[in-house]
Number of protein chains: 2
Amino acid sequence: MAQVSDSVSKVIEEFAKLPGIGRKSAERLAYHILRVPKTEALGLADAIRNVRENVHYCSSCFNLAEAELCSICADPRRDRTQLCVVEQPRDLMALEQAGVFRGLYHVLLGRIAPLDGIGPDQLTLQQLVQRVRQGEFQEIVMATNPTVEGDGTALHISNLLAEFPVSMTRLARGITTGSILEYTNKEILADALAGRQRL
Amino acid sequence: MAQVSDSVSKVIEEFAKLPGIGRKSAERLAYHILRVPKTEALGLADAIRNVRENVHYCSSCFNLAEAELCSICADPRRDRTQLCVVEQPRDLMALEQAGVFRGLYHVLLGRIAPLDGIGPDQLTLQQLVQRVRQGEFQEIVMATNPTVEGDGTALHISNLLAEFPVSMTRLARGITTGSILEYTNKEILADALAGRQRL
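Residues numbered from 1 in each chain as written. Chains lettered and ligands numbered in written order. Predicted model: local features only at pLDDT ≥ 70, side-chain atom pairs only at ≥ 80, totals over all residues. Heavy atoms only, no water.

Trainee: For this particular structure, what's the right way to read the UniProt feature "zinc finger region: C4-type" (unreviewed entry) in chain A?
Mentor: Those places that UniProt annotates as "zinc finger region: C4-type" (unreviewed entry) correspond, in this numbering, to residues 58–73 of chain A. Measuring from the first to the last C-alpha atom of residues 58–73 of chain A gives 8 Å, for a span that is 0% helix and 12% strand. (UniProt positions renumbered as here; feature names shortened; annotations may be inferred. Helix = DSSP H or I, 4+ residues; strand = E, 2+ residues; numbered from the N terminus.)

Right, dumping it as structure tokens:
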């Protein structure tokens, strides 16, 4: 790469640091940046700078926010008796895009993962307990990921909140709408059978 | 997406404009930007801005350059009797990375593609003829892509340069080293047979 301009090498190197972007893709992106109208290229640069400088975590729920409170916590129309606990802002976004939950959220910013060296102290659990203590929540919906670590985190939280008079629920497990029974696996079928509902 | 911060929506939208980056990947990249150290995020933004503001085409060969001439044209150690004609700067970079050519290049910035409305006038052909007229080239190596359009472009150029006392060559076609004969196709085998070499 001795013959390529330094700026080009640099932008390839920076693109290659992104997740899922290999060396070849990074080169392709760099050439794209050089080919598109200048305003478009600078639009991307500004958007990256802007999001990193303006966005931080909501002081209440740890969702992404540009003000002190995120747009959900600040919205007076949200149901303040329901709290949905998620691992990451992107999980919150998936739920919001589905438009099926009208309560508030609490973002843990991770899950308990001993193998990765992530313990309860690195999550926003203290703040969660504080919110449940002070809030008017009647139901806490655990929406951690349906993985060993997500389930473990949910269990830990349900123990942590056992002293409060709130009902604890978790997202239903079962077969997914639109899937083909034949191609699901044992765990999914076991969940679906265990959680079967009256017709 | 009503609930996501404007800066986040904006950066997702900008990432999604990149080739090969869909909506989901763009979201993943945006969250990556929010998670990495600030210097790394701003490093990417700066690299994009920088490459778009500082890099232009070499006034001689139309390679990417940060000065008037690109680093290859400016390098006194390059062999000025050989000229390799490529479609795009990324083709030049592939050849440079292989390190097998020590002459100069000429970048066409495209190929003749009537179906896409790209005619000879939109390429850097005038400048190529000018360079061949004034230069001391003894050999022109056509390294356009081995496609119908690339071959057509090479043919057009060989007609254009027929009047000059230079030898015109093109990259060899045949089976690729490391490939499996059984899985190559008719065109490749025909090329390989037609270009067979004495052992």
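Still more ground to cover, so stick around.
Trainee: So what exactly am I meant to see when it comes to unusual backbone geometry here?
Mentor: In most cases, non-glycine residues show a negative phi, while peptide bonds are predominantly trans. Residues and elements named next belong to chain B. Despite not being glycine, Phe-62 has its phi angle at roughly 70°, a positive value. Tracing the sequence through the fold places Phe-62 in the loop between β1 (56–57) and β2 (64–65). A relative accessible area of 13% places Phe-62 in the buried class. Here the phi dihedral of Leu-109 falls at roughly 60°; this positive angle occurs in a residue that is not glycine. Structurally, the position occupied by Leu-109 is in the loop between β4 (103–107) and α5 (125–134). Assessed through its relative accessible area of 24%, Leu-109 is described here as partly exposed. (Buried < 20%, exposed > 50% of the residue type's maximum accessible area, 1.4 Å probe, protein only.)

Trainee: Is there a simple way to think about the pairing of strand β6 (residues 167–170) of chain A in this case?
Mentor: Note on strand geometry: in a regular strand, side chains alternate between the two faces of the sheet. Residues and elements named next belong to chain A. When strand β5 (residues 139–142) meets β6, the two strands line up parallel, connected through four bridges. Across the sheet, residue Glu-139 finds its bridge partner in β6, namely Ser-167. The parallel pair β5 and β6 is bridged by helix α6 (residues 148–160), and the resulting crossover is right-handed. (Pairing = 2+ DSSP bridges. Right-handed = clockwise from strand over helix to strand, strands pointing away.)

Trainee: Please clarify how the pairing of β5(A) should be interpreted in this entry.
Mentor: By the bridge criterion, four bridges tie strand β3 (residues 79–86) of chain A to β5(A) in an arrangement that is parallel. Paired with Gln82(A) across the strands is Glu139(A), a residue of β5(A).

Trainee: I keep staring at the nonpolar core and nothing clicks. Help me out?
Mentor: Soluble globular proteins tend to pack their nonpolar side chains together in the buried interior. Phe15(A), Ile48(A), Phe15(B) and Ile48(B) are the most contacted members of the largest nonpolar core, which totals 44 residues. When contributions to this core are tallied by element, the ones reaching two or more residues are α1 (6–16), α2 (23–35) and α3 (38–54) of chain A together with α1 (6–16), α2 (23–35) and α3 (38–54) of chain B. (Core = buried A, V, L, I, M, F, W, Y, C linked by side-chain atoms within 4.5 Å.)

Trainee: Looking at this model, I keep getting lost on the UniProt feature "domain: Toprim" (unreviewed entry) in chain A. Mind explaining?
Mentor: This chain's UniProt record puts "domain: Toprim" (unreviewed entry) on residues 81–176 of chain A. Structurally, residues 81–176 of chain A comprises 34% helix and 20% strand, and the distance from its first C-alpha atom to its last is 28 Å.

Trainee: It is not clear to me how the interface of chain B and chain A should be interpreted in this structure. Could you clarify?
Mentor: Interface size is commonly expressed as the accessible area that is lost once the parts come together. Counting residues at the interface gives 54 residues for chain B and 53 residues for chain A. Roughly 5,300 Å² is buried in total at the junction of chain B and chain A, and carbon and sulfur atoms are behind 64% of that figure. Counting across the interface, chain B meets chain A through two salt bridges. Taken together, the links from chain B to chain A amount to 10 residue pairs in polar contact (both at pLDDT 80 or more). Those elements that provide at least two residues to the side of chain B that touches chain A are α1, α2, α3 and α4 (89–98) of chain B. Broken down by element, the side of chain B that touches chain A gets its largest block of residues, 16 residues, from α3(B). Looking at the side of chain B that touches chain A residue by residue, the classes come out as 27 nonpolar, nine polar and 18 charged. (Contact = heavy atoms within 4.5 Å. Buried area = accessible area lost by both parts, 1.4 Å probe. Salt bridge = Lys/Arg side-chain N within 4 Å of Asp/Glu carboxyl O. Polar contact = N/O pair within 3.5 Å; in protein donor to acceptor, adjacent residues only side chain to side chain. Nonpolar A, V, L, I, M, F, W, Y, C, P; charged D, E, K, R; others polar.)

Trainee: I'm lost on the packing of α1(B) against α2(B) in this one. Help?
Mentor: The angle between the axes and the distance between the axes are what describe a pair of packed helices. Residues and elements named next belong to chain B. At a minimum axis distance of 8 Å, the contact between α1 and α2 shows a crossing angle of 125°. With respect to each other, α1 and α2 are oriented oblique. Where α1 crosses over α2, the two elements pack in a sense that is right-handed. Residues Val-8, Val-11, Ile-12, Phe-15 and Ala-16 of α1 form the contact with α2, whose participating residues are Arg-23, Ala-26, Glu-27, Leu-29, Ala-30, Ile-33 and Leu-34. Its residues assigned to classes, the contact of α1 with α2 shows 10 nonpolar, no polar and two charged. (Axes fitted to C-alpha atoms, helices over the stretch in contact; angles between N-to-C directions. Parallel < 35°, antiparallel > 145°, perpendicular 65-115°, else oblique. Left-handed = near helix turned anticlockwise from the far one by under 90°.)

Trainee: What's the story with the pattern of salt bridges in this structure? I'm lost.
Mentor: Any two side chains of opposite charge can pair, given that their charged atoms come close. Following the criterion strictly, the structure yields 24 salt bridges over all chains and no others. Salt-bridge contacts for Asp75(A) lead to Arg77(A); the nearest nitrogen and oxygen are separated by 3.1 Å. Note on Arg77(A): relative accessible area 67%, which makes it exposed. We note a salt bridge from Lys10(B) to Glu14(B), for which the minimum N-O separation is 3.1 Å. With Lys10(B) and Glu14(B) both in helix α1 and four residues apart, this pair spans about one turn of that helix. On the basis of relative accessible area, Glu14(B) is assigned to the buried category, the value being 5%. Each of the salt bridges in this network shares a partner with another, and the network as a whole consists of Lys10(A), Glu13(A), Glu14(A) and Lys17(A).

Trainee: What exactly am I supposed to notice about the sheet that holds strand β6 (residues 167–170) of chain B here?
Mentor: What links the strands of a sheet is backbone hydrogen bonding, and the strands pair in either a parallel or an antiparallel sense. Residue and element names in this part refer to chain B. Across the sheet, four strands lie side by side as β4-β3-β5-β6; this open sheet has parallel pairing. The open sheet terminates on both sides in strands that have one partner only, identified here as β4 and β6. Each strand axis lies, on average, 25° off the axis of its neighbour in the sheet, ignoring direction. In the packing of α4 onto the sheet, the strands contacted are β3 (79–86) and β4, and the crossing angle to β4 comes to about 160°.

Trainee: It is not clear to me how the sheet that holds β5(A) should be interpreted in this structure. Could you clarify?
Mentor: All names here are of chain A. Spatial strand order, β4-β3-β5-β6: four strands in an open sheet with parallel pairing. Single-partner strands in this sheet number two, and they are β4 (103–107) and β6. On average, each strand axis in the sheet is tilted by 25° relative to the strand beside it, whichever way the strands run. Strands β3, β4 and β5 of the sheet are contacted by helix α5 (residues 125–134), whose axis makes an angle of about 155° with β4.

Trainee: Is there a simple way to think about α5(B) in this case?
Mentor: All names here are of chain B. Among all positions of α5, only Leu-125, Leu-128, Val-129, Arg-131 and Val-132 are buried. Down the axis of α5, the buried side of the element spans an arc of 160°, and every buried residue falls inside it. Counted as exposed and oriented over 90 degrees from the buried face of α5: Gln-126 and Gln-134. Those residues of α5 hidden inside the fold are in contact with β3, β4, β5 (139–142) and α6 (148–160). (Arc of directions from axis to C-beta.)

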